[in-house]
Amino acid sequence: MASTTSIKQVSRDKARAELRELVIAWATDADTHLATYILELGPERSGAKSRCLCPGCGGPLVAVNNAKTQYKVRPHFRHHQGANTKDCAIVAARMAILRTMTDLGWIDLPARTRSTSIKGLDGRDYEGMASRPPERVRVIRAEFSDCAPAVLHLEDGRQITVLLRGEAAPTDGSPHTGAVVVIEVDDPAVALMDPQQLRERLSLNAGACWHQHWDDAAILDEATSQARETAIDHLALAPDGLDLPSDMPAELKSETVLHYVVKQILKEAGELRTPEDVVYVEAESEKRCHSRTWRLPEQHLALSEVELEKRLGLTRPDLVCNATDTAGGHSYPRLCIEVTVSNIISQERYNRIRAVGLPALEIDLSALQGRITRDRLKYLVVRSTYVKKWLYNPVLEQQSRDLEKEVKALAAAEDEAIEEERAERRRVNALPLQEVAEQYLEKAYRYFLLLQDTSDAWPAAGSTTGMAIAEAREDLSKQANLLAWKGYPGADEEDFLSQRGVFEALLSLKFDRGLTRKLNTGFQVLNALVTGGKGIANDLTPLYLAAAKAFDVPMTPAQQAIVEQWRGEVIERIKTFKGSYVRSSVYDPLLGALFPELREALPRTTGTHFVSVYQKHQQKLQPPPRELQPREATRATMAATLAEFRHSMPSWMRSSGFLSGADMENWIEQNPEQAKALGVTSIKDKKRS
């Protein structure tokens, strides 16, 4: 341990120079062999009668000024002339400190700390440290003789050797007890200090450090044990119970330790969390891909009956156990666990694992790099699912087989349906359009008649009427598909099959009776259509009147007169109001296929046709154009030419005042040919003419 002493440090040469000039205040009593301070001598022991010896060289000393109360030179001991005084001051200082310790009756012992390190399998050093705390102990006796170390006898029976190390302090070969404390004393001035000054210095305990401690062996064992535990915790040393061959490579040793610890962790923990896994299967039909997904969720398994390295057939899993799902999910009476460090599982080994037929989970630690502690490894192995995957799981395999069977059946059924549809298309394409259309009208007739009873309230679900309507609607949809195959889509749309739609109205006129309306004749239906809502201004009125004529709806003479009056009003509105009777023609191709009688009337009842009728009528109403005079003809030609070249004119020419001013003159000069074509001349040309 490095010293933190506050005693002044001086160089070796300077200290020796000072020693030659210094005197000492402490000596050894020749009678008692105890350390004696100069002022402890009475007058009778002054001068050469001091009976004191130098603690350094052992020679007799002269007591100077010991009995005086006033003096110019402070009291001290002095060697006789010619004596060798080398290092005597430091030895005297050492003796003075030991004497003071004995007088005080205690000594403060510093803390003792030992450290050591162990090299791990990964090549890193793992350190350990152990210590004993500082303590104050009572001294009952001190043994000191010449230059030998002092031995302090403590109250608890222990002994401690105190080495006061300075220029003359013994360093090698000095006998001492099991505990040795070193106090640095390099300042010769200590030899001149009085007891009070020494006590103050000792109370600081500044320069004391252990050279040897009673428990050094035990402290070092503790430090070594701590270093070993640290290395084991970092998986850098084989734990107890694992013997590694001395000739095994270090890298393989590290892998073996990691592998061994994982198995021990699982056996001790008795629990494990497994990862989620997904089964995805698909099968393609001619039209699309059918797929199904099933998820095995994360599971918390309780492990029991754990066995290590148990052979099962041709494989020997790292661990075999009974695994029970704590949440009541899938449990595994025999679960195999494989731990992978660097030797990845080959296809051949994978096949052997699957051949056993037991669920097998892999814990893959090959991605771990750098240091990892046992606690971190335990978290990864027990709690985390990051490093785990299922090698084989009978539950997943069964689900995969079931889902594969399901999607293949779906794909096969769809392919069969596609083939049936193709056959049906071929059959339908061979049928005449009129036959398909007539069958559709018959099914629509039955469907609309059933809806007649729902005008007040829709039938309850499951009722006879409700089931009949649903059956009729489904039958109608099938027939609508045939029309679509024939090239006439839309017959299955809700707008087309509306209870108060165009198709229902035309079908009622064709069959001369109300279908969804409770009316008995076709004329009654026509009357309701023309007089209801907007009346004669209804956009569909021309179509309904044309249908009544095409279907030859039975009417009395009076009814025919009314219809003729309606036709006259419709024609008058068409001629008078532009944009009258604009209806949607989206279903016209389909209506023409269903009602061949209307094919010619349908295009003549559209808004486009009526606009042309309006325009022709308006042209007849215009007076014939009069013959233009020459000047007017020129203006007309000019206007036509101006319209032709208007896109090339500058912006100022498009304004109302472009035919005057300086701008006009400039344009005529820059564009003489266009001005000539327009018949525009400049003012200058007009003046010349």
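Here the structure is a predicted model, which is why all the values come from computation and not from measurement. (Residues numbered from 1 in each chain as written. Predicted model: local features only at pLDDT ≥ 70, side-chain atom pairs only at ≥ 80, totals over all residues. Heavy atoms only, no water.)

Student: Looking at this structure, I do not really get the nonpolar core. What am I missing?
Tutor: In summary, soluble globular proteins display a tendency toward joint burial of nonpolar side chains. Ranked by size, the top nonpolar core spans 53 residues in total, and within it Tyr 440, Phe 448, Phe 503, Leu 526, Leu 594 and Phe 595 carry the most contacts. Of all the elements in the fold, those that place two or more residues in this core are helix 9 (433-451), helix 10 (464-485), helix 11 (502-510), helix 12 (522-531), helix 13 (541-550), helix 14 (557-576) and helix 15 (588-594). Residues Val 261, Val 281, Leu 377 and Val 395 belong to the second largest nonpolar core, which totals 41 residues. (Core = buried A, V, L, I, M, F, W, Y, C linked by side-chain atoms within 4.5 Å. Buried < 20%, exposed > 50% of the residue type's maximum accessible area, 1.4 Å probe, protein only. Helix = DSSP H or I, 4+ residues; strand = E, 2+ residues; numbered from the N terminus.)

Student: Can you walk me through empty space enclosed by the protein in this structure?
Tutor: A probe as big as a water molecule, rolled over the atoms, marks out the empty space that is left. Summed over the entire model, instances satisfying the criterion amount to 4 cavities of 30 Å³ or more. Every residue along the wall of the second largest cavity is listed here: Thr 315, Pro 317, Cys 336, Glu 338, Ile 353, Val 356 and Ala 360. Going through the elements one at a time, strand 19 (332-340) and helix 6 (347-356) are the ones with two or more residues in the lining of the second largest cavity. Here the lining of the second largest cavity is built from residues that sort into 5 nonpolar, 1 polar and 1 charged. (1 Å grid on protein atoms, 1.4 Å probe; cavity = no way out; pocket = protein on both sides within 12 Å on 5 of 7 lines; lining within 4 Å. Points joined across faces, edges and corners; volume = space filled by probe spheres on them. Nonpolar A, V, L, I, M, F, W, Y, C, P; charged D, E, K, R; others polar.)

Student: Before we go on, may I ask you to explain the packing of aromatic side chains in this structure?
Tutor: For any two aromatic rings, the description comes down to two numbers: the centre-to-centre distance and the angle of the planes. Overall, the coordinates contain 12 aromatic pairs when judged by the stated rule. Summarising the aromatic geometry, the rings of Phe 448 and Phe 503 are spaced 5.9 Å apart at their centres and angled 55° between planes, so their arrangement reads as tilted. Taken together, the residues Phe 448 in helix 9 and Phe 503 in helix 11 connect sequence positions 55 residues apart. Residue Phe 448 shares its accessibility class with Phe 503, and that shared class is buried. Judged by centre distance (4.6 Å) and plane angle (20°), the rings of Phe 496 and Phe 503 are stacked. Side by side, Phe 496 and Phe 503 carry an identical accessibility label, which is buried. Ring pairing ties together the aromatic residues Tyr 440, Tyr 447, Phe 448, Phe 496, Phe 503, Phe 551, Tyr 587 and Phe 595, which thus form one cluster. (Phe/Tyr/Trp six-rings, centres within 6.5 Å; stacked < 30°, edge-to-face > 60°.)

Student: Quick question: what am I supposed to make of the pattern of salt bridges here?
Tutor: Pairing is possible between side chains of opposite charge, provided their charged atoms come close. In this structure the tally under the stated criterion is 33 salt bridges. Salt-bridge contacts for Arg 374 lead to Glu 268; the nearest nitrogen and oxygen are separated by 3.2 Å. Taken together, the residues span a long stretch of sequence, with Arg 374 in helix 7 (residues 374-383) and Glu 268 in helix 5 (residues 250-269) at a distance of 106 residues. Glu 276 serves as the salt-bridge partner of Arg 295, at 3.6 Å between the closest nitrogen and oxygen. You can see Arg 295 sitting in strand 16 (residues 289-296) and its partner Glu 276 sitting in the loop between strand 14 (271-274) and strand 15 (277-284), a full 19 residues away along the chain. Take Glu 276: its relative accessible area is 45%, and that puts it in the partly exposed class. Counted as one network, the salt bridges with shared partners bring together Glu 286, Glu 419, Arg 422 and Arg 426. (Salt bridge = Lys/Arg side-chain N within 4 Å of Asp/Glu carboxyl O.)

Student: Please explain the layout of surface pockets as it appears in this structure.
Tutor: Approximately 500 Å³ is the volume found for the largest pocket. Looking at the largest pocket, it is lined by 17 residues, and the ones nearest its centre are Pro 542, Ala 546, Arg 567, Arg 604 and Thr 605. For the lining of the largest pocket, the secondary structure elements donating two or more residues are helix 13, helix 14 and helix 16 (607-621). The element that contributes the greatest number of residues to the lining of the largest pocket is helix 13, accounting for 5 residues. Of the residues contributing to the lining of the largest pocket, the split by class is 10 nonpolar, 2 polar and 5 charged.

Student: Please explain the sheet that holds strand 1 (residues 26-29) as it appears in this structure.
Tutor: Pairing is antiparallel across the open sheet formed by 3 strands, whose spatial order is 2-1-3. The strands lining the two open edges of the sheet, one partner per strand, are strand 2 (35-37) and strand 3 (52-53). (Pairing = 2+ DSSP bridges.)

Student: What exactly am I supposed to notice about the sheet that holds strand 14 here?
Tutor: The strands that make up a sheet are held in pairs by hydrogen bonds between backbone atoms, and each pair lies either parallel or antiparallel. With mixed pairing, the 6 strands of this open sheet are ordered in space as 14-17-18-19-20-21. The open sheet terminates on both sides in strands that have one partner only, identified here as strand 14 and strand 21 (388-392). Put simply, the sheet's adjacent strands are angled 40° from each other on average, direction ignored. Seen against the sheet, helix 5 touches strand 14, strand 17 (299-308), strand 18 (319-325), strand 19 and strand 20 (360-364) and runs at an angle of roughly 110° to strand 17. (Axes fitted to C-alpha atoms, helices over the stretch in contact; angles between N-to-C directions. Contact = heavy atoms within 4.5 Å.)

Student: For this particular structure, what's the right way to read the side chain of Arg 349?
Tutor: Within the secondary structure, Arg 349 is located in helix 6. With residues up to four places along the chain from it excluded, the contact list for Arg 349 reads Glu 338 and Asn 343.

Student: For this particular structure, what's the right way to read the side chain of His 213?
Tutor: Here His 213 is to be found in the loop between strand 13 (208-212) and helix 4 (216-233). A distance of 2.9 Å separates the side chain of His 213 from the backbone nitrogen of Asp 215, its partner in a polar contact. (Polar contact = N/O pair within 3.5 Å; in protein donor to acceptor, adjacent residues only side chain to side chain.)

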